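Architecture and fold: a report
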Amino acid sequence: MIRLSKKILRDLARTHVWTLALGLTALLGVDALQLVVPRVIRLAVDDLTLGRADGDSLLIQAATIIGLAVGMALLRLIWRPCLMGFARNVERHLRWEMFSHLQALHLDFLRTNPTGEIMARATNDLANIRMAAGMGMVAALDGLALSIFALGFMFYISPTLTLVAIIPMPLVVYLTRQMTKRMHARFLESQESFAVLTELGREVLAGIRVVKLFALNKKEEARMAGAGREYLEVNLALARLMAFFWPGMVFLTNLSLVLVLGVGGPLAVWGSITPGDFVAFAAYLGLLTWPMMALGWMTSLIQRAKASMKRVDQVLGVTPAITDPDEPLALMPENGQGVEVKGLSFTYPGANGPALKGVNLTAAHGRATAIVGRIGCGKTTLLSLMARLYDPPADSIMVEGRDIRRLLHRDLRGHLVVVPQNAFMFSASLRSNLALGRPGADDEELWKVLATASLADEMRGLSAGLDTQLGERGHMLSGGQRQRLALARALLLDPPILVLDDPLSEVDTETESAILANLARVREGKTTILVSHRLKSVAFASMIYVMDQGKVVQKGAHEELMAEPGLYHDLFSEQALLAGIED
């Protein structure tokens, strides 16, 4: 798989090259000033031990150390915003890339990958990458610079003592190499376990009404407890690994100090090095302690980021199944040809058999066309293909005489608007949900389409009118109100072709009749395609297509279909009988 996240990081680094250069220069400046401090201390110790010290010299040396400290503080004020800001930009850009890419992916990917899993990748995984791009980069450069220059100064003071001090170093390298692969596997398991936990929490909260109505709280608590235990066990295994790694690094660091004390002490006593040299050498060894410890932390950050980048690339690396054509055709509404379906057959990915088989139908321009049939006969699949939520075969669906596969998505979906049966509302105001496609619509236009959907009177009774907050998924509204609001939202766009996928299934028959009468008035001269399980509601359509088991089995006007035996006559008679019994 192409490491897309790495490419994005490289591109961002090129874009922010001067900011990174400034930050890295300031960071190296801090290291340089840190390396000068032991030299000043060396002079002070030697002056004191040799009796050369006086008040003025000690004051100058103290002022020098204070000045170095102030300089380090100022340089930190520069590198932190530059380097940490770059890390935040990495996280923000990757999140935008993921969000943008997810919107372009086909429905099958979104259906087969739980929302919680995707959310975990867009939050926790991106935070791990940010940490590696920020503190990981700082620890790597800082540790490398301090190591090289501290070792250089140590070697200058005493080559023998330096060789003694680095005896544990090969063990550090060996320990790091041995632990790296194990840590990577554990971090990957941890992220996957976190994704499962996130999805379970999201699912329970989204379905909280069902949980309450069926008294499933104990069952869901047990599921959450099980997922929590698994997440805990994975992280405890990781913690045990880190518990061995970190103390091992600290032990090897302290072992260097023990060796230096054992060898350097006698050297200072015998005069091979001055007391100031010994103190400075110990100070440089202290500076070297941080890179050795940072190696473990940096390794941890990098392994977390590698595991997370792999998970992010699994999303970014998915190729959208439906894309805009390289050479799109212009949609020409003036053609006035409506929608034509020719020999359309379609099978869902992974399905055992076709959902549609050789479907032919025409929704004439300026007319109302209905599609009816039993549940599962392929009506919704056909409408999804018209909107190109799935890709139909070439030249099988024509809109205004154009193959929809040759049109840009925005052109097709701006011309042909589908109102689904399951009306989704955002956690926003009534106004925002209603004016999704036309944010600039004025109040008069909004109330007009609400009236057409027989919803205006009910919405006027809300506490804040159009500015009333509807809550998550519009929970303040009933199912029927949400459906009518979705219909009003589509009517506000006044599209040339309006497709209604049983959008009034939760509305009573009297209200439905009023809405359909309003639709016939406002949609006069425009193309409308209706799907409904209530055959009486679509009897006015100029052409009705009857589907069964993925095929069109009948077509004609209501009177023609009722005059001949067949599925339409049977379904209409059954529904009329049931309506009579209910009355």
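Residues numbered from 1 in each chain as written. Predicted model: local features only at pLDDT ≥ 70, side-chain atom pairs only at ≥ 80, totals over all residues. Heavy atoms only, no water.

**Some points on unusual backbone geometry**
Excluding glycine, a negative phi dihedral is what most residues carry, and trans is how most peptide bonds are arranged. The condition that has to hold: To qualify as a helix, a DSSP run of H or I must reach at least 4 residues; to qualify as a strand, a run of E must reach at least 2; elements of each kind are numbered from the N terminus. Note on exposure labels: buried denotes an accessible area under 20% of the residue type's maximum, exposed denotes more than 50%, and partly exposed covers the range between, all computed with a 1.4 Å probe on protein chains only.
You will see that Asp395, though not glycine, has its phi angle at about 60°, which is positive. Of note, Asp395 is situated in the loop between α11 (379–386) and β4 (397–399). With a relative accessible area of 47%, Asp395 lands in the partly exposed category. With phi around 50°, Glu400 is a residue other than glycine that occupies positive phi space. Relative to the elements of secondary structure, Glu400 occurs in the loop between β4 and β5 (402–403). We classify Glu400 as buried; its relative accessible area is 1%.

**Observations regarding the packing of aromatic side chains**
Rules: Geometry of aromatic contacts follows a simple scheme: Phe, Tyr and Trp rings, the Trp one being its six-membered ring, pair when their centres are within 6.5 Å, and the pair is stacked under 30 degrees between planes, edge-to-face over 60, tilted otherwise. The criterion is that NZ of a Lys, or CZ of an Arg, lies within 6 Å of the ring centre and within 35 degrees of the ring normal, and then a charge sits over that ring.
In total, this model carries six aromatic pairs according to the counting rule given. When the ring of Phe194 is compared with that of Tyr231, the centres are 5.9 Å apart and the planes differ by 50°; the resulting orientation is tilted. Of the two residues, Phe194 is situated in helix α7 (residues 169–206) and Tyr231 in helix α9 (residues 217–270); the sequence distance between them amounts to 37 residues. For Tyr231, a relative accessible area of 23% puts it in the partly exposed group. By way of ring pairs, the aromatic residues Phe346, Tyr348 and Tyr390 are connected into one cluster. Its end group placed over the ring of Trp447, Arg460 keeps NZ or CZ at 4.1 Å from the ring centre.

**Focus on the layout of surface pockets**
Heads up, the condition is: Grid spacing is 1 Å over the protein atoms alone, the probe is 1.4 Å, and a cavity is where that probe fits but cannot get out, while a pocket is an open set with protein on both sides within 12 Å along at least five of seven lines and lining residues have an atom within 4 Å of a point. Grid points are joined across faces, edges and corners, and a volume is the space filled by probe spheres set on the points. Three classes are used, and their members are as follows: Ala, Val, Leu, Ile, Met, Phe, Trp, Tyr, Cys and Pro are nonpolar, Asp, Glu, Lys and Arg are charged, and the others, Gly among them, are polar.
In this structure, the largest pocket spans a volume of roughly 1,800 Å³. Around the largest pocket, the lining comprises 36 residues; the ones closest to its centre are Leu107, Leu389, Pro420, Asn422 and Phe424. Looking at side-chain class alone, the lining of the largest pocket contains 21 nonpolar, eight polar and seven charged residues.

**Some details on the sheet that holds β5**
Filter applied, for reference: For two strands to be treated as a pair, DSSP must find no fewer than two bridges joining them. We call two residues in contact whenever any of their non-hydrogen atoms come within 4.5 Å of each other. Note on geometry: axes are C-alpha line fits, over the in-contact stretch for helices, and angles between N-to-C directions span 0 to 180 degrees.
In space, the four strands of this open sheet follow the order β2-β1-β4-β5, with antiparallel pairing throughout. For this open sheet the edge positions go to β2 (356–363) and β5, each flanked by a neighbour on one side alone. Where β4 and β5 come together, two bridges link them in antiparallel fashion. Opposite Met398, over in β5, you have Asp403 as the bridge partner. In this fold α11 packs onto β1 (339–346), β2 and β4, with an angle of close to 115° to the strand it touches most, β1.

**With respect to the sheet that holds strand β10 (residues 551–556)**
Pairing between the strands of a sheet is mediated by backbone hydrogen bonds and can be parallel or antiparallel. Judged by pairing direction, the sheet is mixed, and its six strands sit side by side in the order β6-β7-β8-β3-β9-β10 without closing on themselves. Strands with a single pairing partner mark the edges of an open sheet, and in this sheet they are β6 (416–419) and β10. Across this sheet, the average inter-strand angle for adjacent strands is 20°, counted without regard to direction. Where strand β9 (residues 543–548) lies against β10, five bridges are found, and the strand directions are antiparallel. Paired with Asp548 across the two strands is Lys551, which belongs to β10.

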